[in-house]
Structure formats: C-alpha cells, structure tokens
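Observations on chain architecture
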Amino acid sequence: NAGVTQTPKFQVLKTGQSMTLQCAQDMNHEYMSWYRQDPGMGLRLIHYSVGAGITDQGEVPNGYNVSRSTTEDFPLRLLSAAPSQTSVYFCASRDRHDQPQHFGDGTRLSIL
Amino acid sequence: GEDVEQSLFLSVREGDSSVINCTYTDSSSTYLYWYKQEPGAGLQLLTYIFSNMDMKQDQRLTVLLNKKDKHLSLRIADTQTGDSAIYFCAEGGGATNKLIFGTGTLLAVQP
C-alpha cells in the first residue's frame, strides 16, 4: 500500500519557469490538499479538493493552480515560478473531512 | 479566522516527561490532531482526539483537551532521544472542512 506519493522529491527552477508537482493516492480518499511548509510558519493550505471535479482555495492560493480529474491524482501547478515559492510542498489525503490526513514525503522546491 | 498557536521550542532530559501545549480558536473543530515531523521527513500522525473528549491515552502519549479554554496538550512519558522532532498541533472538521496547523514545537531531548 503506497499511501500518498509525491514526485519529484527535489526540484530547482529558474524564475518564470512553470512546473507541475505530482500527487497520487491509492486509498480512494475523497479529500486531498496541498500545503507549503516554511520555517517558523508551520503548514499553510494552498488548495484543497473534496472530490473529483471539485477544488477550492486555501490560505495562500496565489501563483498556484490545481485540478482534480480523478480521485487518485491532485497535481499542483506553478504557472510562473517566483523565489517566494521556494518551500517544501506536502500533499495530503483523507477519507472524510473529520478524519486524519495522510501525508506524502514532500517535494523540496528551490526557485533561483 | 482560525488560528492555532504553539510555543516554538522545548528542551527536556531523556527519561523526563515532555508537555507540548497548543491553543486554538475555532470552537467548532470536531477533531484535534498531533503530528510528528522528523528532519527531512513528512508528517506522521501521532494521535488525535474528538472534541467531546477530555483525555486520550495511547501508550506513552497522553492528550488533554480543555474545550472551554481551547487548550490542547500532548504529554510524552519517559521521553527518549528518538522523540526529538517537531510536533504540530492541528484542528479540523469545523465549518470550513479544512485542517489548520500550528507553527510547530521543536522538542530537543538531551541524553
């Protein structure tokens, strides 16, 4: 049972480049979320989805897009990378809104 | 909006008990969670408590919830060096259906 799988684990981009961070889960969970983790700020919610075809914004959505065409996949797109988006990104999934989230191992992204 | 606060740092000696505290603002939260993050790793769920409970015990871990004061604590008995990590408190299941995290408490265990 793979759980939540994030790819890539590490990435370096130049300012202005675009990129998609991949997230897949094999637990048939309806809820999926993307967080970014920055020093001293904990985890901040970027976007989330409560099911296929449904997405909504979190605390810090600017500069990011998401889509949810299948239950399993929830990719995060950076349209034009900026140095302020240098962070560690975590994807998470859960069965219901009141159940614990299962986290991936994270993607460490640096924007030069 | 919702907010979750934690102290940034706690240092204890091996064998002592550790108590990590957390305060939250959303009184409609259904569940409160504790996650552990070791260096370079993702978040591992340690335990969680339903909002109508006062206490939950799971081996060396004890969670206390004071709903009136919106205060949550995690007690680790017989703290070991392997417990050194960042501990995150989180609330969820409220009206927004989102999970809100605190900034994390770095627990340093001295041998």
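Read on for a plain summary of the structure. (Residues numbered from 1 in each chain as written. Chains lettered and ligands numbered in written order. Predicted model: local features only at pLDDT ≥ 70, side-chain atom pairs only at ≥ 80, totals over all residues. Heavy atoms only, no water.)

Time to look at the sheet that holds strand E7 (residues 64-66) of chain A. Residues and elements named next belong to chain A. The four strands lie next to each other as E1-E3-E8-E7, forming an open sheet whose pairing is antiparallel. The strands lining the two open edges of the sheet, one partner per strand, are strand E1 (4-7) and E7. Taken pair by pair, the neighbouring strands of this sheet meet at an average axis angle of 20°, ignoring direction. Two elements, strand E3 (residues 19-25) and strand E8 (residues 76-78), share three bridges in a ladder whose sense is antiparallel. Bridge pairing in E8 links Leu21 to Leu76. (Pairing = 2+ DSSP bridges. Helix = DSSP H or I, 4+ residues; strand = E, 2+ residues; numbered from the N terminus. Axes fitted to C-alpha atoms, helices over the stretch in contact; angles between N-to-C directions.)

Let's shift gears to the state of the cysteines. Two cysteines form a disulfide when their sulfur atoms are joined by a covalent bond. Scanning the entire structure with this criterion turns up two disulfides over all chains. Between the sulfur atoms of Cys23 of chain A and its disulfide partner Cys91 of chain A the distance amounts to 1.9 Å. Since a negative S-S torsion denotes a left-handed disulfide, the Cys23 of chain A-Cys91 of chain A link at about -70° is left-handed. Here Cys91 of chain A lies in strand E9 (residues 87-94) and Cys23 of chain A lies in strand E3, a separation of 68 residues in the sequence. Taking the relative accessible area as the measure of exposure, Cys23 of chain A reaches 2% and is therefore buried. Across the disulfide from Cys22 of chain B sits Cys89 of chain B; the S-S distance is 2.0 Å. Its S-S torsion of approximately -60° makes the covalent link between Cys22 of chain B and Cys89 of chain B left-handed. (Disulfide = S-S within 2.5 Å. Buried < 20%, exposed > 50% of the residue type's maximum accessible area, 1.4 Å probe, protein only.)

Now for unusual backbone geometry. The omega torsion of the bond from Thr7 of chain A to Pro8 of chain A falls at -10°, within 30 degrees of zero and hence cis. Assignment of secondary structure puts Pro8 of chain A in the loop between E1 and strand E2 (10-13). For Asn28 of chain A, which is not glycine, the phi torsion reads 60° and is therefore positive. Summarising the element assignment, Asn28 of chain A is placed in the loop between E3 and strand E4 (31-37). For Asn28 of chain A, a relative accessible area of 55% corresponds to the exposed category. A positive phi angle, close to 55°, is found at Lys70 of chain B, a residue other than glycine.

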